[in-house]
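# An overview of the molecular structure
Now for the letters of each chain:
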Amino acid sequence: MSKRKKVISLTILITLAILVATPFVYVKMNKVIYAHRVTEYLIEQKNYSSEEIESVEGVWSIKLPPFLAIVKFKDEPDVEYIYFAHNDVIQFSHRISEEAQKKGKTKSDLKHFVPMSDQD
């Protein structure tokens, strides 16, 4: 194979590799960015300490908007709070685990629930 064909083949291979990897990198980076935005919001604006937060996980959703963050607090591990962090950070929803629902936990029992009308 001539040197020119090798260079062209290598260029095509590298281009294809970049094209295949780009969506995966895009999704991973956005999940990290959204988790970071929500963590910053909770600590700096809502005055939670990092010790109160069990986890903040960036998630790629099939629904719109495509990226969100799921937050669990240490004092309420059976509830997931769903935050959007596109322009502003807002608490959008929550999920109470089936086990907690069976024990009688309802929306009125949630410690970190913020109604949409009360959000900044």
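To be clear, the structure that these remarks concern was listed above.
Quick caveat, the model's predicted, so the values are computed rather than measured. (Residues numbered from 1 in each chain as written. Predicted model: local features only at pLDDT ≥ 70, side-chain atom pairs only at ≥ 80, totals over all residues. Heavy atoms only, no water.)

What follows concerns the overall build of the protein chain. For the protein chain, the helix and strand inventory stands at two helices and four strands. Written out in order from the N terminus, the α and β elements of the protein chain read α-β-β-β-β-α. Computed over C-alpha atoms, the radius of gyration of the protein chain comes to 21 Å, more than 25% over the 14 Å expected from 2.2 N^0.38 for 120 residues, which places it beyond the range of a compact globule. Each of the three principal axes of the protein chain carries a C-alpha extent, and together these read 75 × 30 × 25 Å. For the protein chain, the proportion of its 120 residues judged to be buried stands at 29%. (Helix = DSSP H or I, 4+ residues; strand = E, 2+ residues; numbered from the N terminus. Rg over C-alpha atoms; globule rule 2.2 N^0.38 Å. Buried < 20%, exposed > 50% of the residue type's maximum accessible area, 1.4 Å probe, protein only.)

We now examine unusual backbone geometry. If you check the backbone angles, Asn47 has positive phi at about 60° while not being a glycine. Tracing the backbone shows Asn47 in the loop between α1 (3–45) and β1 (53–60). Of the residues examined, Asn47 reaches a relative accessible area of 63% and is grouped as exposed.

This next bit is on the packing of aromatic side chains. Per the counting criterion, the structure on display carries six aromatic pairs. Judged by centre distance (5.6 Å) and plane angle (70°), the ring pair of Phe73 and Tyr81 falls under edge-to-face. Here Phe73 matches Tyr81 in class, with each residue buried. Through pairs of rings, three or more aromatic residues link up here, namely Tyr26, Tyr34 and Phe67. Its guanidinium or amino end placed over the ring of Tyr34, Arg37 lies 4.9 Å from that ring's centre, counting from NZ or CZ. (Phe/Tyr/Trp six-rings, centres within 6.5 Å; stacked < 30°, edge-to-face > 60°. Lys NZ or Arg CZ within 6 Å of the ring centre and 35° of its normal.)

Before going further, it helps to spend a moment on the nonpolar core. Core analysis: the biggest nonpolar cluster contains 19 residues, and Val38, Leu42, Val71, Phe73, Tyr81 and Tyr83 have the highest contact counts within it. Of all elements in the fold, only α1, β2 (67–73), β3 (76–85) and β4 (89–96) reach the threshold of two or more residues within this core. Of all the elements, α1 adds the most residues to this core, at five residues. With five residues, the next largest nonpolar core counts Leu68, Ile70, Ile82 and Phe84 among its residues. (Core = buried A, V, L, I, M, F, W, Y, C linked by side-chain atoms within 4.5 Å.)

Right, let's talk about the pairing of β4 for a bit. Judged from the seven bridges that link them, β3 and β4 form a sheet pairing that is antiparallel. Note that in β4 the partner of Tyr81 across the bridge is His94. Counting the residues in the hairpin turn of β3 and β4 gives three residues. (Pairing = 2+ DSSP bridges.)

Here α1 contains 43 residues, and its C-alpha end-to-end distance of 59 Å stays within 8% of the 63 Å for a straight helix at 1.5 Å per residue. Taking the largest bend as the criterion, α1 deviates by roughly 35°, centred on Ala21, and proline Pro23 comes between one and four positions later. Within α1, burial applies to Val27, Asn30, Tyr34, Ala35, Val38, Tyr41 and Leu42. Residues of α1 that are buried sit in contact with β1, β2, β3 and β4. Within two residues after α1, Asn47 carries a phi angle of roughly 60°, on the positive side. (Expected span 1.5 Å × (residues − 1). Bend = angle between axes of the 7 residues up to and from the residue. Contact = heavy atoms within 4.5 Å.)

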